[in-house]
Amino acid sequence: GNSVTQMEGPVTLSEEAFLTINCTYTATGYPSLFWYVQYPGEGLQLLLKATKADDKGSNKGFEATYRKETTSFHLEKGSVQVSDSAVYFCALTGQAGTALIFGKGTTLSVSS
Amino acid sequence: NAGVMQNPRHLVRRRGQEARLRCSPMKGHSHVYWYRQLPEEGLKFMVYLQKENIIDESGMPKERFSAEFPKEGPSILRIQQVVRGDSAAYFCASSPGPNSGANVLTFGAGSRLTVL
């Protein structure tokens, strides 16, 4: 079945450091890929998405490229801020109408 | 334009009681999903519903748990005879449906159930 694997956290960085959170997936067909972010005490918010191979999703300085050859969708940001501290979830959905499958989440903590 | 509304935000129940969690989807959304988040774990899919239909309940425990999304009113996740292991955050999400393109889900703020 479909699955998502994320790097274990927590990830602890200083402000303005470069961020990479790895995500790989297993899926049949051509899934759509997503990154969601969860701030403390809140629900999940869509951060970015990509729907086909080689697409790059981007938002708020975050980027991720859909790599079919490596089945990956790594999240990157060039310079993190304290306000980026949150839990980041990689997710995929297969055929239309199927539910999102999430990774376990990676906690990011950014200090000033 | 309200987002996905969940209530109650916090619910405390004693073992053996019933818990009812409600979810009103975004305006214009006809598909609802329920997820459970346990401490230190990710989100686990439970059930996917359309109005008056259960589309996929493969993640729902076979006993004590049920879900509905009636023609009128919110979606309800019902947990009967709660046990301590049911303590978790339960998130609802909604979407316009699969014909709208990539299935982007909008999440509510969650309902946190504590079983004493």
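Since this is a predicted model, take the numbers as computed values, not measurements.

Conventions and cut-offs
Residues numbered from 1 in each chain as written. Chains lettered and ligands numbered in written order. Predicted model: local features only at pLDDT ≥ 70, side-chain atom pairs only at ≥ 80, totals over all residues. Heavy atoms only, no water. Disulfide = S-S within 2.5 Å. Helix = DSSP H or I, 4+ residues; strand = E, 2+ residues; numbered from the N terminus. Buried < 20%, exposed > 50% of the residue type's maximum accessible area, 1.4 Å probe, protein only.

Novice: Quick rundown of the state of the cysteines? Include the residues and the values.
Specialist: Considering all chains together, one arrives at two disulfides over all chains under this definition. The side chain of A:Cys23 participates in a disulfide bridge whose partner is A:Cys90; the two sulfur atoms lie 2.0 Å from each other. Classification of the bridge connecting A:Cys23 and A:Cys90 rests on its S-S torsion, roughly -70 degrees, and on that basis the disulfide is left-handed. Of the two residues, A:Cys23 is situated in strand β4 (residues 23–26) and A:Cys90 in strand β10 (residues 86–93); the sequence distance between them amounts to 67 residues. In this structure A:Cys23 comes out as buried when scored by relative accessible area, which is 1%. When its relative accessible area of 1% is taken as the criterion, A:Cys90 is described as buried. A sulfur-sulfur separation of 1.8 Å characterises the disulfide bridge that pairs B:Cys23 with B:Cys92. Negative torsions about the S-S bond denote left-handed disulfides, and the value of about -60 degrees found for B:Cys23 with B:Cys92 makes this one left-handed. One end of the pair, B:Cys23, is in strand β3 (residues 19–24); the other, B:Cys92, is in strand β9 (residues 88–95), with 69 residues separating them in the sequence.

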